[in-house]
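Now for the letters of each chain:
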Amino acid sequence: MKVLLSWVREFVDIDETAEAIGRRLSLRGLALEGLDHLPQNTARPGGGTDAGGDWLLDFDVTANRPDCLSVAGVAREIATVYGLPFREPAQRWPAAGRGAAPDPRDIADPTGLLGWPIAGTEPALAVPVTPVAPTPAVGGALPISIHAPDLCARYVGALADVTIGPSPAWITERLTACGVRPISNIVDITNYVLLEVGHPMHAFDYTTLAGPAIVVRQAREGETLTTLDGKARTLTTDMLVIADAERPTALGGVMGGADSEVTSTTRRIVFEAAWFKPQMVRATAKALGLRTEASMRFERGADVTAPPVAMTRALALVEELGAGTAVGGMIDVYPQPRVPRTIALDRDRISGLLGMTVPDAEVTRILTSLGFGVDAAAHGWLVTPPAWRVDQHRGVDLIEEVGRHYGFEHLPATFPGVQQAPAASDPRIARDTRARRVALARGFSEAISFAFIEAAAAAPFTGTDAPVALANPLSEKFAVMRPSLLPGLIQAVSHNRRHGRRDIQLFEIGTRFSPRGESRVLALAWTGLATPDHWSGARRDVDFFDMSGAVEQIASVFDRVLTPVVPEPGTVAASVLVPGRAATLLLNDVAVGFAGQLDAAIADAHDVPANDVIYVAEVDLDALSGGDTSQRHATSLPRFPAAVRDVALLVDDALSAATVRGTIQAHAPAALVSVVEFDRYQGKGIPEGKVSLALRLTFQSAERTLTDAEVEAATSAVVQVLSSQLGAVRR
Amino acid sequence: YTEPSAEVDIRCIRCGGDGCAMCKRTGWIEILGSGMVHPAVFEHVGYDPNEVTGFAFGMGIERVALLKWGVEDIRLFYENDLRFLEQFGR
């Protein structure tokens with residue numbers, strides 16, 4: 001919100017420099033965003049000039065403070081900050097006929113439309129939508145009736161005979177500095193009042209109004225209106241229109257109509273200053289794709305007591321500019337006057353919440369200066385917020401006003417003392433750190449990606465579960481909670497590949513989600529070289545055993561040994577990994593992860609270059625680290641030497657190493673302490689469909705050294721088992 | 001979600017408080033938001049705001065890192081480009 005210092009000074013006598021004011025207000029809750037000196041803005045009201053030019057302060061006004069979207073609103077804040085008297089607009093331009101106390105029979109605001117919700121009343125008390133009898137204008141020139149008092153609670157109209165012409169320099173300079181284009185005196189006056197008092201006004205050409213009459217009503221289905229921007233609009237019944245006796249002439253709170261626009265030949269105008277329901281203005285503006293200064297003000301909650309003040313100011317400006325004269329007085333249609341609510345402010349609660357005591361005199365001064373009504377009460381005060389403070393609902397809101405204006409610099413800079421046993425650290429943090437260190441040591445770099453991903457990216461990883469979708473995603477890219485960390489990692493691999501990087505090792509520790517809950521996992525992605533490029537070593541691309549070895553190392557941090565098995569059809573592992581280079585990892589017969597080469601179609605969906613080979617893995621850290629890790633128990637060292645025999649066997653190449661190992665273990669003689677497959681050979685000399693397996697068998701007894709004969713017999717026994725069960729042939 | 005609320009600013013790291021494009025010529029950069037938990041929040045989760053008060057604060061850790069190390073674009077923290085990650089050692 002841009003305000004000019006010279007204009008502010010019409011409301012408060014502030015001597016400080018613009019920089020000082022900006023700094024001080026920023027500390028009090030109204031942040032200065034920009035500051036400009038305008039040496040060319042020298043015209044002042046009343047025809048004076050100021051050679052020093054002017055200062056433009058640009059404040060960042062938060063959505064809950066629409067009252068600061070005006071010179072008067074900002075000036076009121078400045079007055080409170082500096083403890084100066086403020087020239088209240090309602091007193092500068094007192095509307096004739098106002099000042100009477102509200103009729104106690106008047107209905108309090110039950111629907112909270114005006115920012116005055118009353119605690120304890122039933123919501124949605126029916127607001128009668130009966131037409132209110134037209135209020136005859138003075139001179140009878142313009143009857144005004146409100147037919148939708150819930151959508152338009154107050155309508156103030158006035159007539160003036162005018163001569164359209166340019167505005168004086170002090171008006172045009174001020175408007176231009178604040179980003180508003182000057183057009184002609186009457187339109188400029190409405191914009192000037194908007195900037196000065198914060199209330200939007202509108203002007204109609206009186207002679208274009210059928211009747212003449214002003215009828216404030218809901219639009220009828222199918223009614224149309226060409227707005228000031230020249231566009232024809234089709235209206236719906238939830239929109240409010242300002243109509244004449246025949247058809248709509250303006251969209252209430254949003255924009256005027258082209259047909260009733262004030263032109264250079266207009267001789268008599270109707271000024272409008274009204275209050276429109278925020279939700280209705282917002283819905284209408286959104287439905288029509290319109291956003292105006294007026295709609296923005298009404299959406300945030302306008303001041304229902306402002307229309308007469310704005311109107312009086314506008315009529316005074318008409319006179320001052322010599323643009324014309326008012327015809328009759330203003331017509332104030334306010335069928336259901338609102339009564340503001342009071343809020344209890346407890347003295348102890350102020351100091352309890354803020355952590356500092358604010359002297360009573362300061363509480364009263366601050367709130368009174370801001371326009372609140374303050375009455376002493378038992379434990380503090382009963383405070384009545386002014387009509388323009390739509391953000392004031394309960395005690396804490398008042399306490400914030402008191403706290404920020406008294407100044408947070410009064411808060412003692414102490415560290416709060418807490419007497420409490422420290423909470424136990426979540427063991428998962430230490431656990432994740434251990435896993436992280438192993439991954440880093442293995443050459444992986446840590447990635448962080450989003451927990452929400454696109455539905456298409458999640459699909460291959462959900463398995464038999466339904467995806468966990470968000471009810472209100474920010475966009476399609478963040479529609480689903482990730483069922484795996486791999487989509488994000490593959491995306492990262494893709495990004496790095498597309499920026500020229502060939503060798504990539506990335507890991508991520510994070511949470512994945514399913515309808516059954518969430519678990520914390522570690523995922524790995526690896527493409528390119530298996531070991532960093534160096535002239536001394538052979539260059540070799542990563543393979544399955546590199547990845548499964550990395551996973552094994554991570555599992556060993558938790559004293560776990562994972563058993564790799566061929567993935568079952570229908571599992572995630574089976575659908576995302578290349579068959580033959582895929583393993584589901586079991587811990588005590590429960591699947592806790594998988595590892596293998598990523599299916600090319602999934603890589604392609606992430607724009608990974610074709611023909612890239614990516615190895616991926618994911619393990620459930622919760623499962624790895626949960627439960628009892630077995631108590632260690634040392635075993636004595638063997639007292640007698642072991643005997644090693646190597647055997648080479650021809651087996652079907654479709655046979656997995658796991659099957660071979662499993663068969664041996666199932667029928668192993670007691671002396672067999674280890675089996676290691678140390679070679680696997682296909683090609684020259686090996687028949688089609690077969691593979692030569694080299695096994696190293698280690699035999700050892702705890703009681704004595706085994707004889708050669710015993711070792712031979714045991715070796716034969718093993719070979720015999722493999723031959724009869726698996727058709728192996730010894731070479 | 002908080003009332004009263006407070007914001008903590010640090011002196012602009014680029015201009016030291018003189019005013020520049022980074023701090024929109026104010027000399028200050030917002031780094032942290034905080035406040036007393038709003039009673040409506042307590043009511044919503046079943047606490048009596050007359051019995052308990054709460055203090056909340058938060059700052060974007062990426063933003064602090066960005067300011068401290070002069071990272072040009074906050075998205076670099078999520079793109080996982082190794083040319084960025086590898087600048088930050090082990």
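For every chain, the first residue of the written sequence is number 1, and numbering continues from 1 onward in sequence order. In the order they appear in the text, chains get letters beginning with A and ligands get numbers beginning with 1. Local features in this predicted model are restricted to residues of pLDDT 70 or higher, and side-chain atom pairs are both shown and tallied only at a pLDDT of 80 or more, whereas totals for entire chains, interfaces and linings draw on every residue. To get the side-chain values, all heavy atoms of the structure are used, and hydrogens and water are removed first.

Here we come to the domain arrangement of chain A. Many descriptions give the size of an interface as the accessible area lost when the pieces come together. Split into domains, chain A comes out as domain 1 (2-87), domain 2 (92-333), domain 3 (343-410), domain 4 (427-627) and domain 5 (643-730). Note that the domain bounds were set by an automatic or database domain assignment. On a C-alpha basis, the centres of domain 1 of chain A and domain 5 of chain A stand 91 Å from each other.

Now for the interface of chain B and chain A. The criterion used for residue contact is that any of the two residues' heavy atoms lie within 4.5 Å. Taken together, the contacts link 24 residues of chain B with 29 residues of chain A. Two parts lose some accessible area (1.4 Å probe) when they are put together, and adding that loss for both gives the buried area. Counting the surface lost from both chain B and chain A, the interface buries some 2300 Å², and carbon and sulfur atoms represent 50% of this. The term salt bridge refers to a side-chain nitrogen of Lys or Arg lying within 4 Å of a carboxyl oxygen of Asp or Glu. The interface formed by chain B and chain A contains two salt bridges. To qualify as a helix, a DSSP run of H or I must reach at least 4 residues; to qualify as a strand, a run of E must reach at least 2; elements of each kind are numbered from the N terminus. Among the secondary structure elements, those contributing two or more residues to the side of chain B that touches chain A are β1 (2-11), α1 (39-45), α3 (76-79) and α4 (82-85) of chain B. Looking at which element gives the most residues to the side of chain B that touches chain A, the answer is β1(B), with four residues. Only Asp, Glu, Lys and Arg are considered charged, only Ala, Val, Leu, Ile, Met, Phe, Trp, Tyr, Cys and Pro nonpolar, and every remaining residue, Gly among them, polar. Here the residues of the side of chain B that touches chain A are counted per class, giving ten nonpolar, five polar and nine charged.

Residues and elements named next belong to chain A. For Phe, Tyr and Trp, where Trp contributes only its six-membered ring, two rings pair if their centres lie within 6.5 Å, and the inter-plane angle classes them as stacked under 30 degrees, edge-to-face over 60, or tilted in between. With the rule as written, the count across this model stands at 14 aromatic pairs over all chains. Taking 4.3 Å as the distance between ring centres and 25° as the angle between the ring planes, the aromatic pair formed by W7 and Y192 counts as stacked. Residue W7 is found in helix α1 (residues 5-8), and its partner Y192 is found in helix α6 (residues 185-197); the two are separated by 185 residues along the sequence. Grouping residues by exposure puts W7 and Y192 together as buried. Taking the centre distance of 5.5 Å and the plane angle of 75° together, the rings of F450 and F478 count as edge-to-face. Linking F450 in the loop between β18 (445-446) and β19 (452-453) with F478 in the loop between β20 (468-469) and β21 (480-481), this pair joins segments that are 28 residues apart in sequence. The class of F450 is partly exposed, set by a relative accessible area of 42%. Each residue's exposure class comes from its accessible area (1.4 Å probe, protein chains only) as a fraction of the maximum for that residue type: buried when under 20%, exposed when over 50%, partly exposed otherwise.

On the surface, A:D60, B:E7, B:D9 and B:E30 cluster together into a patch of negative charge. With respect to the element layout, B:E30 can be found in strand β2 (residues 28-37). Looking at B:E30, the relative accessible area reads 41%, which means it is partly exposed. Residues qualify for a patch when their relative accessible area is over 30% and they have no salt bridge, like charges being joined within 9 Å and the nonpolar side chains of Val, Leu, Ile, Met, Phe, Trp and Tyr within 5 Å. In short, Shrake-Rupley with a 1.4 Å probe defines the accessible areas, and a residue's cover is counted only from the protein chains shown. Neither His nor the chain termini are counted; the positive set is Lys and Arg, and the negative set is Asp and Glu. Every charge is mapped to an atom, namely NZ of Lys, CZ of Arg, CG of Asp or CD of Glu.

Another point: the side chain of A:T698. Mapping A:T698 onto the fold places it in strand β30 (residues 690-699). Once you skip the residues sitting within four places of it in the chain, A:T698 turns out to touch A:A642, A:A643, A:V644, A:A671, A:L672, A:V673 and A:S674.

This next bit is on the pattern of salt bridges. Residue and element names in this part refer to chain A. Within this structure, the stated rule accounts for 50 salt bridges over all chains. In this structure, R297 and E293 form a salt bridge, with 3.2 Å as the shortest nitrogen-oxygen distance. Placement of the pair is R297 and E293 together in helix α8 (residues 293-300), with a separation of four residues, close to one helical turn. Residue R347 pairs with D360 through a salt bridge whose shortest N-O separation is 3.0 Å. With R347 in helix α10 (residues 347-354) and D360 in helix α11 (residues 360-369), the pair connects residues that are 13 residues apart, well separated along the chain. One connected set of salt bridges, linked through shared partners, spans R65, D67, E77, R389, D391, E401 and R404.

This part covers the sheet that holds β1(B). Residues and elements named next belong to chain B. Read from one edge of the open sheet, three strands run β1-β2-β3, paired in antiparallel fashion. Bordering the open sheet on either side are β1 and β3 (55-58), each of which pairs with just one other strand. The average angle at which neighbouring strand axes cross in this sheet is 25°, direction not considered. By the bridge criterion, eight bridges tie β1 to β2 in an arrangement that is antiparallel. Residue pairing in the sheet places A6 in a bridge with S34 of β2. By the convention used here, strands pair only if DSSP detects at least 2 bridges between them. Helix axes use the C-alpha atoms of the stretch in contact, all axes being lines fitted to C-alpha atoms, and the angles between their N-to-C directions lie in the range 0 to 180 degrees.

Attention now goes to the nonpolar core. All names here are of chain A. The set of buried Ala, Val, Leu, Ile, Met, Phe, Trp, Tyr and Cys residues whose side-chain atoms join them within 4.5 Å is what this entry labels a nonpolar core. Counting 64 residues, the largest nonpolar core has L57, F59, I78, I186 and F271 as the members making the most contacts within it. Here this core gets eight residues from one element, more than from any other, and that element is helix α3 (residues 71-82). Among the domains, domain 1 (2-87) and domain 2 (92-333) are the pair contributing at least three residues each to this core. Apart from residues lying up to four places away in sequence, I78 is in contact with V8, V12, I14, I21 and L25.

Attention now moves to the environment of B:I10. Residue and element names in this part refer to chain B. You can see I10 is positioned in strand β1. By relative accessible area, I10 is classed as partly exposed at 27%. The spatial distance from the C-alpha of I10 to the C-alpha of R83 is 29 Å, given a sequence separation of 73 residues. When neighbours within four sequence positions are excluded, I10 is seen to be in contact with G27, W28, I29, I31 and L67.

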